[in-house]
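Fold and contact review
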Amino acid sequence: MRRSVIGGAKRSSHFLLNQAHRSLLSPSPPPLHHHLGSSPSSSATALLLLLRRLSSSSSASSPPPPNMSNPVTVQSINPKVLQCEYAVRGEIVNLAQRLQEELKANPGSLPFDEILYCNIGNPQSLGQLPITFFREVLALCDHPTILDKAETQGLFSADSIERAWQILDQIPGRATGAYSHSQGIKGLRDTIAAGIEARDGFPANPNDIFLTDGASPAVHMMMQLLISSEKDGILCPIPQYPLYSASIALHGGSLIPYYLDEETGWGLEVSELKKQLEEARSKGISVRALVVINPGNPTGQVLAEENQRDIVEFCKKEGLVLLADEVYQENIYAPEKKFHSFKKVARSMGYGDNDLCLVSFQSVSKGYHGECGKRGGYMEITGFSPEVREQIYKVASVNLCSNISGQILASLVMSPPKVGDESYESYSAEKDGILESLARRAKTLEDAFNSLEGITCNKAEGAMYLFPRIRLPEKAIKAAEAAKTAPDLFYCRHLLNATGVVVVPGSGFGQAPGTWHFRCTILPQEDKIPAIVSRLTDFHKSFMDEYRD
């Protein structure tokens, strides 16, 4: 009996609310007793009056109800998302993927038989093989039961087996499928810190290291920390890797451009930094940090140590955080050039944690290893107060941790086989073979670009890209304007449709006003490079003839 009374009371309450709600939606609702009978309860009347009062008081200021059939529109999403662009996977790549589907469905339907992706630094997708030692260790860590099997000794090198045991002993429960500490597994951070110290000759603290899913999340984390409004600015090189412009836009900051000097091999002049800093400050922008990409992306230059000293001095004097993107530190092709980390440069100048806030980014996606899909990387933060470091840790904790395979790879990259290890010779042969081949590919493409009418291309001293400048005929520029597209995008689209070669227009990276470029990776395998050169050469001659003034 009690259950039915309670149930009846609930049903009556729901009925009253529903009827009251309907009466609110009616322009001339019938009297309440029409629904409740000739003797409406006082509580029901009070409920209706209350709902009417609330409705009338809020109707003037309430926004219109959302379109329930389509509650998310381009107009209703976060405008910062609309401002964000990432050209490396933009319009040209989308077109390339559609063409690839067309080739698959209708072979022979296009004037080329394959798509040649030169748009992104994704080495293994283009045929580069992984480093054997790294993959052996990963396999053993992910399936540790095979470590105890007799046949494992014949399938894996002794040092990969030993390294796998070392790493597993550092992982709680020896479980690569479990969460780790939010900064990454402590033993792996110890290994990375030792690798940094060996590289630079200065101490590194494992507690300064945050392991991340590639370098990109680390960049986002720092932008999140530094940017609170559009009045916060970040100095970025132009041309730049679009991750930076995208991240600044997503977090609502202002990108303060400083232009690299193409005439001096994409030189970074401190006078240009000062000019842009002063201009930004005159507009009321608080410039928080300076981004430096070394070796350069998309420009391929390697900074001289003296230049780096000037940059460190500039950041110290102006109170800027130095964000050092060093993910291409292994990709050096010019014999006269050498990579120096900004931390090494700062320490060699006598500057310590109390003098400079420095964040250094590293990734397993680049270098000679090219493990993009494993999503491993780290940032080393120095010079931040304990209170700020606590906030960085809090942000890292929101993501729980980076993936364990990427963490393991980051430790292997910073501590590869050494002389005397069983894998050393095969590891060195694989590494040297990849880097030497990349240098040859860079030179072949550089020479090819410089042989074409209206194209000039600086030498690729490092990284994985060339960024040639193209001087387009006025007729081509006007045709692009008529098509409502940037001239370099117009050129790249025509190139793709005619040849299947995918490059990224320079407008996606930023460029000096009135100049046009495109970025081309050096990553297709060496036996593909002649076809790329041939297709590019034939297309360019035809394009220039078609649009010649």
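The notes below deal with the structure included here. Keep in mind it's a predicted model, so treat the numbers as computed, not measured.

Definitions and limits used
- Residues numbered from 1 in each chain as written.
- Predicted model: local features only at pLDDT ≥ 70, side-chain atom pairs only at ≥ 80, totals over all residues.
- Heavy atoms only, no water.
- Phe/Tyr/Trp six-rings, centres within 6.5 Å; stacked < 30°, edge-to-face > 60°.
- Helix = DSSP H or I, 4+ residues; strand = E, 2+ residues; numbered from the N terminus.
- Buried < 20%, exposed > 50% of the residue type's maximum accessible area, 1.4 Å probe, protein only.
- Contact = heavy atoms within 4.5 Å.
- Pairing = 2+ DSSP bridges.
- Right-handed = clockwise from strand over helix to strand, strands pointing away.
- Salt bridge = Lys/Arg side-chain N within 4 Å of Asp/Glu carboxyl O.
- Core = buried A, V, L, I, M, F, W, Y, C linked by side-chain atoms within 4.5 Å.
- Domains from an automatic or database assignment.

1. Here's the deal with the packing of aromatic side chains
For the coordinates displayed, the defined rule picks out 15 aromatic pairs. Between the aromatic rings of Y328 and Y465, the centroid separation amounts to 5.7 Å while the plane-to-plane angle is 85°, which identifies the pairing as edge-to-face. Residue Y328 is located in the loop between strand 6 (321-325) and helix 14 (342-348), and its partner Y465 is located in strand 10 (residues 465-466); the two are separated by 137 residues in the primary sequence. Across the pair, exposure class does not vary: Y328 and Y465 are buried alike.

2. Describing unusual backbone geometry
Residue P239 is reached from I238 by a cis peptide bond, and omega for that bond is 0°. Structurally, P239 can be placed in the loop between strand 3 (232-238) and helix 11 (242-250). Its identity is not glycine, yet R375 carries a phi of approximately 50°, on the positive side. Considering the arrangement of structural elements, one finds R375 in the loop between strand 7 (358-363) and strand 8 (377-382). A positive phi angle, near 55°, is found at K484, a position not held by glycine.

3. Let's talk about helix 6 (residues 132-142)
When helix 6 is considered as a whole, its buried residues turn out to be F133, F134, E136, V137, L138, L140 and C141. Here the buried face of helix 6 lies against helix 7 (152-155), helix 8 (158-170), helix 16 (404-413) and helix 17 (424-450).

4. Considering the pairing of strand 4 (residues 254-259)
Of the two faces of strand 4, the one lined by S254, I256 and Y258 is fully buried and the one lined by L255, P257 and Y259 carries no buried residue. In this structure, strand 3 lies alongside strand 4, joined through six bridges in parallel fashion. For C236, the partnering residue across the bridge sits in strand 4 and is P257. Once you follow strand 3 into helix 11 and on to strand 4, the crossover reads as right-handed.

5. Considerations on the pattern of salt bridges
For the structure on display, the rule yields 20 salt bridges. The partner of D190 in a salt bridge is K186, with the nearest N and O atoms 2.7 Å apart. A residue pair is termed a helical-turn pair when its members lie 3 or 4 positions apart in one helix, as D190 and K186 do in helix 9 (residues 186-200) at four residues. Here D190 falls in the partly exposed class, since its relative accessible area comes to 32%. Taking the shortest distance from any N to any O, the salt bridge between R288 and D232 comes out at 3.9 Å. Of this pair, R288 sits in strand 5 (residues 286-293) while D232 sits in strand 3, and the two are 56 residues apart along the sequence.

6. Here we look at the nonpolar core
Core analysis: the biggest nonpolar cluster contains 117 residues, and L323, F361, M379 and I408 have the highest contact counts within it. Per-element accounting of this core gives the leading share, eight residues, to helix 17. Each of domain 2 (88-114 + 436-547) and domain 3 (180-413) contributes no fewer than three residues to this core. In this structure I408 touches V137, L138, C141, I167, I171, T176 and L188, once residues within four positions along its chain are discounted. V270, L273, A324 and V345 belong to the second largest nonpolar core, which has 31 residues in total.

7. Notes on the pairing of strand 3
Among the seven residues that make up strand 3, seven are buried, leaving the element largely enclosed by the rest of the structure. Relative to strand 5, strand 3 runs parallel, the two sharing four bridges. Among the inter-strand pairings, L235 is bridged to a residue of strand 5, identified as L290.

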